[in-house]
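# Architecture and fold: a report
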Amino acid sequence: MIETPAMPPLPAALLVPPLRPAPPASGTPQALLEHAAEFGRYVGALEQQNAAWRTWAGGIK
């Protein structure tokens, strides 16, 4: 009998994508800097989620 690999349980947090920030309402330097900071946090959250997906998928033997 051939054993088939079993998928590990999927954490629910991996199914919820981070919310992308809305574009700045104006082009003032302050608004652009605030948007850049928000967007940086968004990209960081995407990177963390991507790493979690890779870790989850790496658990498959």
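You'll find the structure just up there.
We now turn to the structure provided with this report. (Residues numbered from 1 in each chain as written. Predicted model: local features only at pLDDT ≥ 70, side-chain atom pairs only at ≥ 80, totals over all residues. Heavy atoms only, no water.)

## Here's the deal with the overall build of the protein chain
Counting its regular elements, the protein chain contains one helix and zero strands. Expected size for 61 residues packed as a compact globule is a radius of gyration near 10 Å; at 18 Å, the protein chain overshoots this value by more than 25%. When its C-alpha atoms are laid out on the principal axes, the protein chain stretches across 65 × 15 × 10 Å. Across the 61 residues in the protein chain, those meeting the buried criterion constitute 11%. The contacts of the protein chain with a sequence gap of at least 6 include a subset with a gap of at least 24, amounting to 63%. As displayed, the protein chain has an accessible area near 5,100 Å², and 66% of this comes from carbon and sulfur atoms. A gap of 5 Å separates the mean positions of the 4 positive and 4 negative side-chain charges of the protein chain. (Helix = DSSP H or I, 4+ residues; strand = E, 2+ residues; numbered from the N terminus. Rg over C-alpha atoms; globule rule 2.2 N^0.38 Å. Buried < 20%, exposed > 50% of the residue type's maximum accessible area, 1.4 Å probe, protein only. Contact = heavy atoms within 4.5 Å. Areas by Shrake-Rupley, 256 points an atom, 1.4 Å probe, with all protein chains shown as cover. Lys, Arg positive; Asp, Glu negative; His and termini not counted. Charge placed at Lys NZ, Arg CZ, Asp CG, Glu CD.)

## Points about the side chain of Gln49
Assignment of secondary structure puts Gln49 in helix α1 (residues 29-58). Gln49 gets classed as buried once you look at its relative accessible area, which sits at 15%. Once you skip the residues sitting within four places of it in the chain, Gln49 turns out to touch Ala13, Leu14, Leu15, Val16, Pro17 and Pro18.

## Comments concerning a nonpolar patch on the surface
Judged by side-chain polarity, Leu10, Leu15, Val16 and Trp53 come together as a nonpolar surface patch covering roughly 370 Å² of accessible area. Considering the arrangement of structural elements, one finds Leu15 in the segment before α1. (Patch = residues over 30% accessible without salt bridge, like charges linked within 9 Å, V, L, I, M, F, W, Y side chains within 5 Å. Salt bridge = Lys/Arg side-chain N within 4 Å of Asp/Glu carboxyl O.)

## Some points on the packing of aromatic side chains
Summed over the entire model, instances satisfying the criterion amount to two aromatic pairs. Taken together, a centroid distance of 5.4 Å and an interplanar angle of 50 degrees make the contact between Phe39 and Tyr42 tilted. Separated by three residues within a single helix, Phe39 and Tyr42 lie in helix α1, roughly one turn from each other. Residue class for Tyr42 comes out buried when judged on its relative accessible area of 14%. Considering the side-chain rings of Trp53 and Trp56, the 5.6 Å spacing of their centres and the 90 degrees angle between planes classify their relative orientation as edge-to-face. With Trp53 and Trp56 both in helix α1 and three residues apart, the pair spans about one turn of that helix. Classification of Trp53 as partly exposed rests on a relative accessible area of 31%. On the basis of relative accessible area, Trp56 is assigned to the buried category, the value being 16%. (Phe/Tyr/Trp six-rings, centres within 6.5 Å; stacked < 30°, edge-to-face > 60°.)

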